[in-house]
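Observations on the model geometry
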Amino acid sequence: MSKKVVFVSILTTVVFATLIIYAFSPRLVFINFAQKPIPVPTVIDPNFITQVNECLIPTATVYGYTLRITAGFRSMAEQTQLYQEGRTINGHIVTEALAGRSIHNYGFAVDVADVRRGYNINWTRLVKIGAYCGLESGGEGDLPHFEHRAGLNTADFATGMRPPPLTLPCSIMDERAKANKPLTLKDLKNCGAPKFS
Ligand SMILES: [Zn+2]
């Protein structure tokens with residue numbers, strides 16, 4: 001075999017191997033070139049918090065609850081601190097989520113409590129109100145928690161994926177919020193909202 005044939009064979013092999021690697025793992029080949037750095041969230045998502053402030057809280061008020069937000073956006077450092085509580089820091093364990101594993105870290109979750117009654121809330125009713133506002137409940141293990149993830153997990157959020165924006169179920173809600181006026185039961189009726197029980 002001539003040197004030229006050997007050279008062409010090696011070259012062909014290298015070119016094909018590169019093409020195969022590129023075809024099957026473009027991220028691997030161009031990871032540092034094609035991918036922009038993923039910005040670290042620093043605030044609560046404005047669309048998400050609008051659903052909380054203009055729908056969940058005012059609707060709950062109609063039903064006799066004065067909700068306050070006890071937790072909203074939580075930075076990665078704050079999540080780490082919280083995770084250590086009850087572990088390396090004295091106190092009770094308050095979370096099972098490491099930094100980056102809570103929807104709070106991406107600004108798409110709030111925890112709520114009633115100003116006077118604390119957690120003595122008809123959660124079944126509040127979960128229904130939350131669902132009406134497009135918000136998902138944290139479920140039995142985390143009732144004060146409402147979020148918007150639309151099927152995404154925290155790994156998805158970490159790659160920069162975000163759920164589609166929510167819309168208020170009724171334009172009256174936005175009008176009341178803008179006018180700084182309370183939402184009423186009549187408003188909810190006009191909105192076509194179900195009776196939450
Ligand atoms: Zn929460």
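Rules used in this analysis
Residues numbered from 1 in each chain as written. Predicted model: local features only at pLDDT ≥ 70, side-chain atom pairs only at ≥ 80, totals over all residues. Helix = DSSP H or I, 4+ residues; strand = E, 2+ residues; numbered from the N terminus. Axes fitted to C-alpha atoms, helices over the stretch in contact; angles between N-to-C directions. Parallel < 35°, antiparallel > 145°, perpendicular 65-115°, else oblique. Contact = placed C-beta atoms within 7 Å. Nonpolar A, V, L, I, M, F, W, Y, C, P; charged D, E, K, R; others polar. Core = buried A, V, L, I, M, F, W, Y, C linked by C-beta atoms within 7 Å. Buried ≥ 20, exposed ≤ 12 C-beta atoms within 10 Å, placed from the backbone. Pairing = 2+ DSSP bridges. Expected span 1.5 Å × (residues − 1). Bend = angle between axes of the 7 residues up to and from the residue.

1. Describing unusual backbone geometry
With phi around 45°, Ala-150 is a residue other than glycine that occupies positive phi space. The topology assignment puts Ala-150 in the loop between β4 (145-147) and α6 (154-158). The phi dihedral of Asn-180 falls on the positive side, at around 55°, and the residue is not glycine. Relative to the elements of secondary structure, Asn-180 occurs in the loop between α7 (171-178) and α8 (185-190).

2. Considering the packing of helix α3 (residues 46-62) against α7
Following both chains from N to C, one finds α3 and α7 inclined at 95°, their axes separated by 9 Å at the closest point. In terms of axis orientation, α3 runs roughly perpendicular to α7. Here Asn-53, Glu-54, Cys-55 and Pro-58 of α3 lie close against α7, whose contacting residues are Met-173, Asp-174, Arg-176 and Ala-177. Taken together, the residues of the contact of α3 with α7 break down into four nonpolar, one polar and three charged.

3. Side note on the nonpolar core
Note on soluble globular proteins: their nonpolar side chains tend to be buried together. By size, the foremost hydrophobic cluster in this structure holds 27 residues, and its most contacted members are Val-52, Leu-56, Ala-60 and Phe-146. In this structure Phe-146 touches Val-52, Leu-56, Ala-109, Val-110, Val-112, Gly-130, Leu-135, Glu-136 and Ser-137, once residues within four positions along its chain are discounted.

4. Overview of the pairing of strand β2 (residues 109-114)
Here strand β1 (residues 67-71) pairs with β2 via four bridges, running antiparallel. Of the residues in β2, the one forming a bridge with Ala-71 is Asp-111. Here β2 runs beside β4; their pairing, made up of three bridges, is antiparallel. The residue bridging Ala-109 from the neighbouring strand is Glu-147, located in β4.

5. So, the environment of Met-161
Inspection of the secondary structure assignment puts Met-161 in the loop between α6 and α7. Sequence separation of Met-161 and Ile-38 is 123 residues, and the distance between their C-alpha atoms is 9.7 Å. Aside from chain neighbours lying at most four places away, what touches Met-161 is Leu-152 and Asp-156.

6. Re the environment of Leu-126
In this structure, Leu-126 sits in helix α5 (residues 123-132). Contact partners of Leu-126, with chain neighbours within four places excluded, come to Ala-60 and Ile-121.

7. Comments concerning α3
Under the 1.5 Å per step criterion, the end-to-end length of α3 is 23 Å for 17 residues, consistent within 8% with the ideal 24 Å. The sharpest bend along α3 measures roughly 30° and falls at Val-52. Regarding α3, the residues found buried are Phe-48, Gln-51, Val-52, Glu-54, Cys-55, Leu-56, Ile-57, Pro-58, Thr-59 and Ala-60. Looking at the buried side of α3, the elements it contacts are β1, β2, α5, β4, α7 and α8. Just downstream of α3, Gly-64 is the residue with a positive phi angle, here 95°.

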